[in-house]
Amino acid sequence: MTLPRHEGLDAVLADPAGAVIGLDFDGTLSSIVPDPAAAHVHPEAPGVLADLAGRLGAVAIVTGRPPLTALALGATADGPSLEDVPGLVILGHYGLERWEDGRISAPPPPPGLDLVRARLPEIARSLDGVVVEDKDRAVAVHTRRAPDPAAALEALREPVAALAAEAGLAVEPGRMVLELRPPGMDKGKALSSFLAEREARSVMFVGDDLGDLAAFDAVDRAGIPGVRVCSGSAEVTALAERADVVVDGPDGVVAFLREVRAALD
Ligand SMILES: O=P(O)(O)OC[C@H]1O[C@H](O[C@H]2O[C@H](CO)[C@@H](O)[C@H](O)[C@H]2O)[C@H](O)[C@@H](O)[C@@H]1O
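Residues numbered from 1 in each chain as written. Predicted model: local features only at pLDDT ≥ 70, side-chain atom pairs only at ≥ 80, totals over all residues. Heavy atoms only, no water.

**Thoughts on the nonpolar core**
Judged by nonpolar contacts, the single largest core of 39 residues is most densely connected at L29, L82, M204 and F256. The dominant element in this core, judged by the number of residues it contributes, is helix α2 (residues 45-53), at six residues. Setting aside residues no more than four positions away along its own chain, F256 makes contact with M1, L3, P4, L9, M204, V229, V245 and V247. By size, the runner-up hydrophobic cluster in this structure holds 20 residues, among which are F194, A200, V203 and V219. (Core = buried A, V, L, I, M, F, W, Y, C linked by side-chain atoms within 4.5 Å. Buried < 20%, exposed > 50% of the residue type's maximum accessible area, 1.4 Å probe, protein only. Helix = DSSP H or I, 4+ residues; strand = E, 2+ residues; numbered from the N terminus. Contact = heavy atoms within 4.5 Å.)

**Describing empty space enclosed by the protein**
For the structure on display, the rule yields one cavity of 30 Å³ or more. One number sums up the size of the largest cavity: a volume of about 440 Å³. Forming the walls of the largest cavity are 29 residues, and the residues nearest its centre are D26, I32, H142, V177 and D209. Of all the secondary structure elements, the ones that give two or more residues to the lining of the largest cavity are β7 (139-142), β8 (170-174) and β9 (177-181). Split by domain, the lining of the largest cavity shows at least three residues from each of two domains, domain 1 (7-106 + 184-263) and domain 2 (112-181). (1 Å grid on protein atoms, 1.4 Å probe; cavity = no way out; pocket = protein on both sides within 12 Å on 5 of 7 lines; lining within 4 Å. Points joined across faces, edges and corners; volume = space filled by probe spheres on them. Domains from an automatic or database assignment.)

**Looking at the site of the ligand**
What surrounds the ligand is a group of 21 residues, the closest being D24, V33, R144, R175 and K187. Measuring from an oxygen atom of the ligand, one finds a side-chain N or O atom of E179 at 2.7 Å. Here K187 contributes a side-chain N or O atom positioned 2.7 Å from an oxygen atom of the ligand. When isolated, the ligand has an accessible area of 570 Å², and the protein chains bury 98% of it. The cavity where the ligand resides is the largest cavity. Looking at side-chain class alone, the shell around the ligand contains eight nonpolar, four polar and nine charged residues. Two domains each provide a minimum of three residues to the shell around the ligand, namely domain 1 (7-106 + 184-263) and domain 2 (112-181). (Near = heavy atom within 4 Å. Polar contact = N/O pair within 3.5 Å; in protein donor to acceptor, adjacent residues only side chain to side chain. Areas by Shrake-Rupley, 256 points an atom, 1.4 Å probe, with all protein chains shown as cover. Sits in = over half its atoms within 2 Å of the grid points. Nonpolar A, V, L, I, M, F, W, Y, C, P; charged D, E, K, R; others polar.)

**Thoughts on the pairing of strand β3 (residues 89-92)**
Of the two faces of β3, the one holding V89 and L91 and the one holding I90 and G92 are both buried throughout. Bridge count between strand β2 (residues 58-62) and β3: three bridges; the pairing is parallel. In the sheet register, A60 faces β3, and the bridge partner there is V89. Considered for its hand, the β-α-β crossover made up of β2, helix α3 (residues 67-73) and β3 is right-handed. One ladder, built from four bridges, connects β3 with strand β4 (residues 97-100); its direction is antiparallel. Within β4, the residue paired with V89 across the bridge is E100. Where β3 folds back on β4, the antiparallel hairpin that results is connected by four residues, among which H93 adopts a positive phi of roughly 50°. (Pairing = 2+ DSSP bridges. Right-handed = clockwise from strand over helix to strand, strands pointing away.)

**Notes on the sheet that holds strand β1 (residues 19-23)**
Whether parallel or antiparallel, the strands of a sheet pair through hydrogen bonds between backbone atoms. The eight strands lie next to each other as β5-β4-β3-β2-β1-β10-β11-β12, forming an open sheet whose pairing is mixed. Of all strands in the sheet, those bounded by a partner on one side alone are β5 (103-105) and β12 (245-248). Each strand axis lies, on average, 20° off the axis of its neighbour in the sheet, ignoring direction. Packing against the sheet, helix α1 (residues 7-14) makes contact with β1, β10 (202-207) and β11 (226-232), and its axis sits at approximately 115° to β10. (Axes fitted to C-alpha atoms, helices over the stretch in contact; angles between N-to-C directions.)

**Considerations on the sheet that holds strand β6 (residues 131-134)**
Strand order in the open sheet formed by four strands is β6-β7-β9-β8, with antiparallel pairing between adjacent strands. Pairing within the sheet leaves two strands with one partner each, and these edge strands are β6 and β8. Going from strand to strand, the sheet's axes swing by 20° on average, the running direction of each strand aside. In this sheet, β9 lies alongside β7 in antiparallel orientation, the contact comprising four bridges. Of the residues in β9, the one forming a bridge with V141 is L178.

**Digging into the confidence of the model for the protein chain**
On average, residues of the protein chain carry a pLDDT of 97, and 100% of them reach 70 or more. Across the whole predicted complex the pTM is 0.97, and at the interface the ipTM reaches 0.99. (pLDDT = per-residue confidence, 0-100.)

**A short note on the packing of aromatic side chains**
With the rule as written, the count across this model stands at one aromatic pair. Centroid distance F205 to F216: 6.4 Å. Interplanar angle 85°. Geometry classified as edge-to-face. With F205 in strand β10 and F216 in helix α7 (residues 213-220), this residue pair connects regions lying 11 residues apart in the sequence. Each member of the pair, F205 together with F216, is buried. Over the aromatic face of Y94 sits the side chain of R181, whose NZ or CZ is 4.3 Å from the ring centroid. (Phe/Tyr/Trp six-rings, centres within 6.5 Å; stacked < 30°, edge-to-face > 60°. Lys NZ or Arg CZ within 6 Å of the ring centre and 35° of its normal.)

Below, the structure written as structure tokens:
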């Protein structure tokens, strides 16, 4: 692919040491698969990120996954794994839990999760193929394996919202998933703090899902040149509508990152 001309992308290329790249995990660095536990990083993604990390100010993965899960799913059999990306920071749980240099930092889990653990499986059982994913600091309910995933998601919206309100948690909607998680943090806040911490002079964010819209907002309000990249899919169109660059899923993301890397030589 040829890199498009865009002011934010030009700024990243002109001053890579001042650039921060943030990337989502599922749907961006990893293809969407029916079973969340069976996801795995695109085999070429860690290599190209490792290459970029040596040239850019910072590379961060900003994800709804716990950082250690992203790292585990980021292992590859033959090449480098995500853990091998120099200086990588993972802002997991939408920024609540941070992994860097092998260390995790996070606030304590919210008390409302116990109520969700007690009640959500019962709600999920009322619909065929709906499964619960417990992520320690958040609990998600997935409908991708239901006979009609979109209908199952709609059927869950109301009971899940009621349960979240009772538990003092926020509902995070995503690709055939509703997540109950602590309120007060999102990918936008996580990215904004990281940009300030690294004194970024330009920013690129790559994402695919509704939770990434907050990160696009953060790019917009960062006060530095920025570029918003969408890992496009037929399933989510809202992000493509806001993006400066749209590529075709994780394969397209890796091809795009390769071009960025090549343009830095
Ligand atoms: O912020 P992300 O890195 O995009 O994580 C968001 C959610 O991703 C995962 O679910 C999604 O990917 C699964 C595996 O491909 C897929 O089965 C599911 O339908 C998608 O919604 C993950 O399981 C969630 O916990 C994350 O919050």
